[in-house]
Amino acid sequence: MALINLKINGKATSVDVEEDTPLLWVLRDHLGLVGTKYSCGIAQCGACTVHRNGEAIFSCITPAASLTEDEITTIEGLSKDGDHPVQKAWEEVDVAQCGYCQAGQIMNASAFLKKNPAPSMEEIDEAMNRNICRCGTYHKIREAVAMAANSK
């Protein structure tokens, strides 16, 4: 076991875990931040997406010990009151069906729009292609990302 110091959602925290423990399990099992979901465990679905210094990463394969110098943001830390433009667009468009993938989708979309605030529909499709929605709400996801881009 190792004591790992992390900065998550603007707060410094320490966890005593194995050095190869994925960030996902630190978030969910040790810190109670359960908005980040487990689905595939092999970085193929995007349900576990969080931000590392503003960039979208898959927390299921990223060892927590590799993040000691980084700022990690989870869905819980994206906005204080759920008022991030992507979250507001998600609600306006009524994207969620089962909702399981939504945190990862929103985290990916928000990181993408930070880098590309005025994307084309093709760029939205390409950026969001790394996240799977088993309910098939891709048309609504696309609409919400475009709406969030236009709201800035």
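Residues numbered from 1 in each chain as written. Predicted model: local features only at pLDDT ≥ 70, side-chain atom pairs only at ≥ 80, totals over all residues. Heavy atoms only, no water.

Q: Would you mind going over the domain arrangement of the protein in detail, with residue names and values included?
A: Domain assignment breaks the protein into domain 1 (2–77) and domain 2 (85–151). Taking only C-alpha atoms, the centre of domain 1 and the centre of domain 2 are 21 Å apart. Contacts between the two partners involve 19 residues from domain 1, matched on the other side by 13 residues from domain 2. For the pairing of domain 1 and domain 2, the buried interface totals around 1,300 Å² over both sides, and the portion due to carbon and sulfur atoms is 58%. The interface formed by domain 1 and domain 2 holds one salt bridge in total. Our count for the domain 1 to domain 2 interface comes out at seven residue pairs in polar contact (both at pLDDT 80 or more). Elements that contribute at least two residues to the side of domain 1 that touches domain 2 include exactly strand 3 (49–52) and strand 4 (55–58). Counting residues per element, the side of domain 1 that touches domain 2 draws most heavily on strand 4, which supplies four residues. Partitioning the side of domain 1 that touches domain 2 into residue classes produces eight nonpolar, nine polar and two charged. (Domains from an automatic or database assignment. Contact = heavy atoms within 4.5 Å. Buried area = accessible area lost by both parts, 1.4 Å probe. Salt bridge = Lys/Arg side-chain N within 4 Å of Asp/Glu carboxyl O. Polar contact = N/O pair within 3.5 Å; in protein donor to acceptor, adjacent residues only side chain to side chain. Helix = DSSP H or I, 4+ residues; strand = E, 2+ residues; numbered from the N terminus. Nonpolar A, V, L, I, M, F, W, Y, C, P; charged D, E, K, R; others polar.)

Q: Could you give an account of the layout of surface pockets, naming the residues involved and the relevant values?
A: Of the voids in this model, the largest pocket is the one considered here, and its volume is about 160 Å³. Lining of the largest pocket is provided by S39, C45, A47, C98, Y100, C101, I132, C133, R134 and C135. Grouping the amino acids of the lining of the largest pocket by side-chain chemistry returns eight nonpolar, one polar and one charged. Each of domain 1 (2–77) and domain 2 (85–151) accounts for three or more of the residues forming the lining of the largest pocket. (1 Å grid on protein atoms, 1.4 Å probe; cavity = no way out; pocket = protein on both sides within 12 Å on 5 of 7 lines; lining within 4 Å. Points joined across faces, edges and corners; volume = space filled by probe spheres on them.)

Q: Give a detailed account of the sheet that holds strand 3, specifying residues and quantitative values.
A: Strands sit in the order 2-1-5-3-4 across an open sheet of five strands; the sheet is mixed. The outermost strands of the open sheet, each flanked by one partner alone, are strand 2 (11–17) and strand 4. Direction aside, the axes of adjacent strands within the sheet are offset by 45 degrees on average. Sheet topology places strand 3 next to strand 4; four bridges connect them, and they run antiparallel. In the sheet register, R52 faces strand 4, and the bridge partner there is E55. Lying on the sheet, helix 1 (residues 23–30) is in contact with strand 1 (2–8), strand 2, strand 3 and strand 5 (71–73); it crosses strand 2 at an angle near 100 degrees. The strands that helix 4 (residues 102–115) touches are strand 3, strand 4 and strand 5; relative to strand 3, the one it contacts most, it runs at about 35 degrees. (Pairing = 2+ DSSP bridges. Axes fitted to C-alpha atoms, helices over the stretch in contact; angles between N-to-C directions.)

Q: Explain the packing of aromatic side chains residue by residue, including any values.
A: Applying the stated criterion across every chain, the model contains one aromatic pair. Measuring from centroid to centroid gives 5.1 Å for W25 and Y38, while their planes differ by 40 degrees, and the two rings are tilted. Taken together, the positions of W25 in helix 1 and Y38 in the loop between helix 1 and strand 3 put the pair 13 residues apart, joining distant regions of the chain. Judged by relative accessible area, which is 28%, W25 ranks as partly exposed. Residue classification places Y38 among the partly exposed residues on the basis of a relative accessible area of 36%. (Phe/Tyr/Trp six-rings, centres within 6.5 Å; stacked < 30°, edge-to-face > 60°. Buried < 20%, exposed > 50% of the residue type's maximum accessible area, 1.4 Å probe, protein only.)

Q: Let's hear about the packing of helix 4 against helix 5 (residues 121–128): which residues, and what values?
A: It is at 10 Å that the axes of helix 4 and helix 5 come closest, and there the two elements cross at 130 degrees. In terms of orientation, helix 4 and helix 5 fall into the oblique class. The two elements helix 4 and helix 5 meet at a crossing, and its hand is right-handed. Seen from helix 4, the contacting residues are Q105, N108, A109 and F112; seen from helix 5, they are E123, I124, A127 and M128. The residue inventory of the contact of helix 4 with helix 5, partitioned by class, reads five nonpolar, two polar and one charged. (Parallel < 35°, antiparallel > 145°, perpendicular 65-115°, else oblique. Left-handed = near helix turned anticlockwise from the far one by under 90°.)

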